[in-house]
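Descriptive structure summary
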Amino acid sequence: YLFGMIDSPLFKTTDCGYTWDQVGTEFRHFDDVYFFDEMHGKAIDLGWIKTTSDGGINWELDQYPFYHNLSVFAATPSGKLFGAGYAGCIMEYDPGSQDWGVKCGGMNLSFLHVHLNDDATGLILGDEYVLHTDDNGMTWTWQVEPAMYSPIAACFINPDTGWIMNASLDTR
């Protein structure tokens, strides 16, 4: 699935991205989207969690109907979905129980990217910090690295070896 940020339609491919078809006629305000299969998915719509059971044609407010301040999703290999966003909000969705759990919150942090290495370890990136977990998100440890400025993306090839991309300070 492919989408834009504001007032954008949702698109779907079934040929590895060679062609894209618009899904439905509504324009969305999605920040992120995740599909568990061809029919069932979750989306972050201006901080609210929406759910679909018809491949993204229709979206409804999730069963956890309060404002979450979420901006990004990432999934573990076993299918658990983590959402993170503003005001230090970290949530976990278990598709088996169809339940959301709040991992932490109330921090004055904005989470910009979630990377999960496996079911136990992962990172959350934000303005000038990296948080790390090795216990399936139960606790998050602050990783201090003074050379980092606004990490925006991470890629790991195994739990120990990876790269983080920072926003540039260069104004040339």
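Scroll up to find the structure this text is about.
Presented here is an overview of the structure given in this document. Computed from a prediction, not measured in an experiment: that's the story for all the values here. Starting afresh in each chain, residues are numbered from 1 along the sequence in its written order. The predicted nature of this model means local features are confined to residues of pLDDT at least 70 and side-chain atom pairs, given and counted, to a pLDDT of 80 or more, with totals for whole chains, interfaces and linings taken over all residues. Calculation of side-chain values draws on the structure's entire complement of heavy atoms; hydrogens and water are dropped beforehand.

What follows concerns the pairing of strand S4 (residues 30-35). At least two bridges found by DSSP between two strands is the condition for calling them paired. Counting from the N terminus, the helices are DSSP H or I runs at least four residues long and the strands are E runs at least two residues long. Note that S4 and strand S5 (residues 41-45) share five bridges and pair antiparallel. Paired with Val33 across the two strands is Ala43, which belongs to S5. Taken together, S4 and the strand that follows it, S5, pair antiparallel across an intervening segment of five residues.

Bringing a nonpolar patch on the surface into the picture now. Think of a patch as exposed residues, more than 30% relative accessible area, with no salt bridge, where like charges cluster within 9 Å and nonpolar side chains (Val, Leu, Ile, Met, Phe, Trp, Tyr) cluster within 5 Å. Accessible surface area values rest on a Shrake-Rupley calculation with a 1.4 Å probe, where residue burial reflects the displayed protein chains alone. Here, a salt bridge means any side-chain nitrogen of Lys or Arg that lies within 4 Å of a carboxyl oxygen of Asp or Glu. On the surface, Tyr86, Leu112, Ile152 and Met165 cluster together into a nonpolar patch covering about 340 Å² of accessible area. Counting through the fold element by element, Leu112 comes out in strand S12 (residues 111-116). The classification of residues rests on relative accessible area computed with a 1.4 Å probe and restricted to protein chains. Under 20% of the type maximum is buried, over 50% is exposed, and intermediate values are partly exposed. Overall, the relative accessible area of 32% leaves Leu112 in the partly exposed class.

What follows covers the sheet that holds strand S6 (residues 48-52). Read from one edge of the open sheet, four strands run S4-S5-S6-S7, paired in antiparallel fashion. Two strands bound the open sheet, and with one partner strand each, they are S4 and strand S7 (60-61). One ladder, built from five bridges, connects S5 with S6; its direction is antiparallel. Each residue of the ladder has a partner; that of Gly41, found in S6, is Thr52.

Mapped onto the elements, Asp32 comes out in strand S4. Owing to a relative accessible area of 16%, Asp32 belongs among the buried residues under this scheme. A distance of 2.7 Å separates a polar atom in the side chain of Asp32 from the backbone nitrogen of Phe73. Pairs of N or O atoms are called polar contacts if they sit within 3.5 Å, as long as, within protein, a hydrogen donor faces a hydrogen acceptor (for residues adjacent in sequence, only side-chain-to-side-chain pairs).

In this antiparallel pair of consecutive strands, S5 and S6, the connection spans two residues, and Leu46 shows a positive phi of 55°. Examined bridge by bridge, S6 and S7 share two bridges and lie antiparallel to one another. In the strand pairing of S7, Lys50 is matched with Leu61.

Between rings of Phe, Tyr and Trp, where Trp is taken as its six-membered ring, a pair exists when centres lie within 6.5 Å; planes separated by under 30 degrees are stacked, by over 60 edge-to-face, and by other angles tilted. Applying the stated criterion to the full structure yields six aromatic pairs. Seen from their ring centres, Tyr93 and Trp100 are 4.9 Å apart, and the 45° between their planes marks the pair as tilted. Trp100 matches Tyr93 in its accessibility class, with the two residues each being buried. Here the aromatic residues Tyr34, Phe36, Phe73, Tyr93 and Trp100 are joined through ring pairs into a cluster of three or more.

Our focus in this paragraph is the pattern of salt bridges. Applying the stated criterion across every chain, the model contains four salt bridges. Measuring nitrogen to oxygen at the nearest pair gives 3.0 Å for the salt bridge that ties Lys50 to Asp45. You'll find Lys50 and Asp45 in the same group, each marked buried. Glu92 is the salt-bridge partner of Lys80, the closest N and O atoms lying 3.2 Å from each other. With Lys80 in the loop between strand S8 (70-75) and strand S9 (81-85) and Glu92 in strand S10 (residues 90-94), this pair connects stretches of sequence that are 12 residues apart. Lys80 sits in the partly exposed class, given a relative accessible area of 24%.

In this structure, the largest pocket spans a volume of roughly 280 Å³. Of all the elements in the fold, those that place two or more residues in the lining of the largest pocket are S5 and S6. Split by residue class, the lining of the largest pocket holds four nonpolar, eight polar and four charged. Site definitions follow a grid-based scheme: protein atoms alone, a 1 Å grid, a 1.4 Å probe that fits but cannot get out for cavities, and for pockets an open set with protein on both sides within 12 Å along at least five of seven lines, plus lining residues having an atom within 4 Å of a point. Grid points are joined across faces, edges and corners, and a volume is the space filled by probe spheres set on the points. Note on residue categories: nonpolar means Ala, Val, Leu, Ile, Met, Phe, Trp, Tyr, Cys or Pro, charged means Asp, Glu, Lys or Arg, and polar means any other residue, Gly included.

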